[in-house]
Amino acid sequence: MALAGYPSANIEEPIKIARSDDALSTDGGSSEETSVARKLVEIPREQGLENVNQLLMSDMLNRYQVKKPELNFLLESERFFAKYLGMKYACALNSGGIAITLGLEGMMRVFYPYDKKDQIRVYSNAFTFHAVPSACVEAGFRETLKLIEATDELVIDLDHLEQCIKEDLSSGRFAEGKMILVLSYMRGRVPDMHRVMEICSKYKMQLLEDSAHGYGCSFDGKMCGSFGVVSTISTQANKLVNTGEGGMIFTNNDDLQAFFIFSAGSYEELWRKHEELAPPEEVALRYKYTCSNKSVRMTNLQAALMWPQLKVMGDRIEQHNSMYYHLVTSTFSSLEKTCGAGSGHRIQYIPQAHKLVGPVYDSLQIRILTKDGTKAPNELEGLNRFLKAMQDRKYSIAKFSDVANARNYLSWQYLKQDEISPASLPRTARVLANVCDLRLLCHDTELVMERMAADIADCFKLAFYS
């Protein structure tokens, strides 16, 4: 059985997948749904609440107030993520957006101390969440931010990136070695990282990875978030790990870590409480009195909720992927049954851009195709009916082409107008047409996926076959 977006019925499975009723069962669970939710959501939540209660009783909500190592959930979470990604340093912050801003500001200070910001070209994805370009603006790069087209697989178009680099160099406005790529793994979509690194090396361009949607993903066995000189994650709601608001920044560079710690809000001798995640003293002292305090630290209270989730993060990833693959095959079957032979090819679960990607499917992106299984040049007439029918069944599904969608560059009106016109990014406008987006839950089960597949087929029939 061939699926749209996949070469055969053996759909991409680059990591081991376990059956949820085998690997994820827990004692006391009376059903698959109960046991999965119990292990991946309820137990971490209960442990998080117990952690919070201990912090409240001992007044250790601020990371620098912690006097008991076993209650320093923030430092333990930083250690976990640094080791998980294979990075030397981690610093927890109050959002993934401020992590990108601090990353850019730190790179400016450490790598370009004698340059002005208008001499530094910043490239980033035209398809991403608006927090990414916002962070670039907040770091002072509004005038030099250049958006790069998206491919059909929703990743950055590396041909367009290199074309823009060459145009910038030939114009004389920007110089080799004065460029930063803010690479966003939007919705966990990962480009060919071998080529990304080749381009960065060729043009002496620094890489900052926005892994808000990409932590847990890998490329050719290397974790996303470990390729760049700086990388960031988000722990905001709907992410793999949820602390309501929050994020982290990672680096292997001593100077950058010093900048991050002091800019985040450390002062006096508190930087020493980062223990082995603090830079050497002689480096720290260069930044101690010269960084403005932005007061953007994550609280130990948030980390108290995070820490139990980290213990099951791998299980959440495995469950997400297993259920995603089940949803793909179930959707094809449901469409064929409900809408007739050949209709299964009209919904394409957009594949990863490269076979070396190790994915984390905590959301789905589907492209609605024409009757002959090809991409439509414009929005299909029944798309809004399909979305409305799904929303009536309580699915929070949306289309990326909606100008009110914060992932659509047309909504980023704070950028220069010539950067966000459809004429400037024609391929991205075409790519996003008829693409729908829906977040998935880490405790979804096969039954839930089969129900969702049936609903997709029913709504598709209502929208396109009635």
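Residues numbered from 1 in each chain as written. Predicted model: local features only at pLDDT ≥ 70, side-chain atom pairs only at ≥ 80, totals over all residues. Heavy atoms only, no water.

**Student:** Looking at this structure, I do not really get the overall build of the chain. What am I missing?
**Tutor:** On a plain count of helices and strands, the chain comes out with 14 helices and 14 strands. The C-alpha radius of gyration of the chain comes to 23 Å, within 12% of the 23 Å expected for a compact globule of 466 residues. Principal-axis analysis of the C-alpha atoms gives the chain an extent of 70 × 65 × 35 Å. Relative to its full complement of 466 residues, the chain shows a buried share of 57%. Counting only contacts in the chain whose residues sit at least 6 apart along the sequence, the fraction spanning at least 24 positions is 73%. As displayed, the chain offers around 18,800 Å² of accessible surface, 50% of which is attributable to carbon and sulfur atoms. (Helix = DSSP H or I, 4+ residues; strand = E, 2+ residues; numbered from the N terminus. Rg over C-alpha atoms; globule rule 2.2 N^0.38 Å. Buried < 20%, exposed > 50% of the residue type's maximum accessible area, 1.4 Å probe, protein only. Contact = heavy atoms within 4.5 Å. Areas by Shrake-Rupley, 256 points an atom, 1.4 Å probe, with all protein chains shown as cover.)

**Student:** Where do I start with the nonpolar core in this structure?
**Tutor:** For soluble globular proteins, the rule of thumb is that nonpolar side chains tend to be buried together. F81, Y123, L161, L181, M193 and M205 are the most contacted members of the largest nonpolar core, which totals 53 residues. Sorting elements by how many residues they give to this core places helix α3 (residues 73–85) first, with five residues. Filtering out sequence-adjacent residues up to four positions away, M193 remains in contact with L183, Y185, L207, F219 and F227. Grouped together as the second largest cluster of nonpolar side chains are 46 residues, L104, L208, L256 and C291 included. (Core = buried A, V, L, I, M, F, W, Y, C linked by side-chain atoms within 4.5 Å.)

**Student:** Explanation requested: helix α5 (residues 131–138) in the structure shown.
**Tutor:** Spacing of three or four residues puts side chains on the same side of an α-helix, whose turn is 3.6 residues. Every buried residue of α5 is listed here: V132, P133, S134, A135 and C136. Buried positions along α5 lie against α4 (96–111), β2 (121–125), β3 (145–148), β4 (179–184) and β5 (206–210). Immediately downstream of α5, the backbone of G140 shows phi near 100 degrees, a positive value.

**Student:** Would you mind going over the side chain of S231 with me for this structure?
**Tutor:** In this fold, S231 is placed in strand β8 (residues 230–234). S231 sits in the buried class, given a relative accessible area of 1%. Looking at S231, its side chain comes within polar contact range of the main-chain oxygen of G225, at 2.7 Å. Every residue in contact with S231, bar those within four places of it in the chain, is listed here: L85, E209, G225, M248, I249 and F250. (Polar contact = N/O pair within 3.5 Å; in protein donor to acceptor, adjacent residues only side chain to side chain.)

**Student:** What am I meant to see in the confidence of the model for the chain here?
**Tutor:** Overall, the prediction assigns the chain a mean pLDDT of 93, with 93% of residues at 70 or greater. Below pLDDT 50 for its whole length, residues 1–30 participates in 70 contacts with residues either more than four positions away or in separate chains. (pLDDT = per-residue confidence, 0-100.)

**Student:** When you look at the sheet that holds strand β6 (residues 218–219) in this model, what are you seeing that I'm missing?
**Tutor:** Either a parallel or an antiparallel arrangement is found when strands of a sheet pair, and the pairing is made through backbone hydrogen bonds. Read across the open sheet, the three strands follow the order β7-β6-β11; overall the sheet is antiparallel. Bordering the open sheet on either side are β7 (222–223) and β11 (357–358), each of which pairs with just one other strand. Pairing of β6 with β7 involves two bridges; the strand directions are antiparallel. Note on β7: the bridge partner recorded for S218 is M223. (Pairing = 2+ DSSP bridges.)

**Student:** In this structure, what is going on with the pattern of salt bridges? I would like to understand it.
**Tutor:** Close approach of charged atoms lets side chains of opposite charge pair. All told, the structure shown has 29 salt bridges when counted by the stated rule. A salt bridge links E162 to K202, with the shortest nitrogen-to-oxygen separation between them at 3.1 Å. Of this pair, E162 sits in helix α6 (residues 158–171) while K202 is found in helix α7 (residues 193–202), placing the two residues 40 residues apart along the sequence. Given the relative accessible area of 11%, E162 is considered buried. Given the relative accessible area of 47%, K202 is considered partly exposed. One continuous salt-bridge network, built from bridges that share partners, spans E76, R79, E275 and E276. (Salt bridge = Lys/Arg side-chain N within 4 Å of Asp/Glu carboxyl O.)

**Student:** Help me understand the side chain of Q319, please; the structure alone is not making it clear to me.
**Tutor:** Its place among the elements puts Q319 in helix α11 (residues 313–339). The exposure class of Q319 is buried, given its relative accessible area of 1%.

**Student:** I tried to follow the sheet that holds strand β13 (residues 398–399) on my own but got confused; where do I start?
**Tutor:** Strand order in the open sheet made by the four strands is β10-β12-β14-β13, with antiparallel pairing throughout. The open sheet has two edge strands, β10 (347–349) and β13, and neither has a second partner. In terms of strand pairing, β13 meets strand β14 (residues 435–439) through two bridges, oriented antiparallel. Within β14, the position partnered with A398 by the bridge is D437. Sheet contacts for α11: β10 and β12 (363–368); angle to β10, the most-contacted strand, approximately 170 degrees. (Axes fitted to C-alpha atoms, helices over the stretch in contact; angles between N-to-C directions.)

**Student:** Got a minute to help me understand the pairing of β2 in this structure?
**Tutor:** Two faces make up the sheet, and in a regular strand the side chains alternate between them. By the criterion of burial, β2 is predominantly enclosed, with five of the five residues buried. As paired elements, β2 and β4 share four bridges and run parallel to each other. Each residue of the ladder has a partner; that of S124, found in β4, is V182. Chirality of the crossover, the property in question, places the unit of β2, α5 and β3 among those that are right-handed. (Right-handed = clockwise from strand over helix to strand, strands pointing away.)

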